Amino acid sequence: MLIGSVDGGLLFQVVWSSLLAGIFVTGLFSFVVLFSARSAEARRSGRGGPGVAYAGLAIAAMTIFAVAVGYGVHIMLSKG
């Protein structure tokens, strides 16, 4: 195990890309929760149109979230 052979540029790339991915995925799932809650609130208050719109946004955000997580798993499993 060589400690002195770590490439600083590659280490920096790993750090910034993991931070960016973590913020992106966390933010995306936050939108899923937000839009789901707003959809339920709109439906409870009798506003069907906005409820359906928020549900559609929640589904779209969840789809993007699932694709991003799936892509991340694919990248992790293909490196090696």
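Moving on, we get to the packing of aromatic side chains. Under the definition given, this model contains three aromatic pairs. Their ring planes at 50° and their centres at 5.1 Å tell us that Phe29 and Phe65 sit as a pair that is tilted. Taken as a pair, Phe29 in helix H1 (residues 8-44) and Phe65 in helix H2 (residues 48-78) lie far apart in primary sequence, 36 residues in all. Between Phe31 and Phe35, the ring centres sit 5.7 Å apart and the planes meet at 20°, which makes this aromatic pair stacked. In this pair, Phe31 and Phe35 are both assigned in helix H1, four residues apart and thus about one turn of the helix distant. Residue class for Phe31 comes out partly exposed when judged on its relative accessible area of 43%.

A few words now on the layout of surface pockets. Each pocket or cavity is described by its volume, and for the largest pocket that value is around 580 Å³. The wall of the largest pocket is formed by 16 residues, among which Ser17, Ser18, Ala21, Gly72 and Ile75 lie closest to the centre. Mapped onto the lining of the largest pocket, the elements with two or more residues apiece are H1 and H2. Here the element with the most residues in the lining of the largest pocket is H1; it accounts for eight residues.

A pair of packed helices can be characterised by two numbers: the angle between their axes and the separation between those axes. Interaxial distance between H1 and H2 falls to 8 Å at its minimum, and their mutual angle equals 160°. Classified by the angle their axes make, H1 and H2 are roughly antiparallel. Relative to H2, H1 is oriented so that their crossing is left-handed. Counted together, Phe24, Val25, Leu28, Phe29, Phe31, Val32, Phe35, Ser36, Arg38, Ser39, Ala42 and Arg43 of H1 and Pro50, Gly51, Tyr54, Ala55, Leu57, Ala58, Ala61, Met62, Ile64, Phe65, Ala68 and Val69 of H2 form the full contact between these two elements.

Rules used throughout
- Residues numbered from 1 in each chain as written.
- Predicted model: local features only at pLDDT ≥ 70, side-chain atom pairs only at ≥ 80, totals over all residues.
- Heavy atoms only, no water.
- Phe/Tyr/Trp six-rings, centres within 6.5 Å; stacked < 30°, edge-to-face > 60°.
- Helix = DSSP H or I, 4+ residues; strand = E, 2+ residues; numbered from the N terminus.
- Buried < 20%, exposed > 50% of the residue type's maximum accessible area, 1.4 Å probe, protein only.
- 1 Å grid on protein atoms, 1.4 Å probe; cavity = no way out; pocket = protein on both sides within 12 Å on 5 of 7 lines; lining within 4 Å.
- Points joined across faces, edges and corners; volume = space filled by probe spheres on them.
- Axes fitted to C-alpha atoms, helices over the stretch in contact; angles between N-to-C directions.
- Parallel < 35°, antiparallel > 145°, perpendicular 65-115°, else oblique.
- Left-handed = near helix turned anticlockwise from the far one by under 90°.
- Contact = heavy atoms within 4.5 Å.

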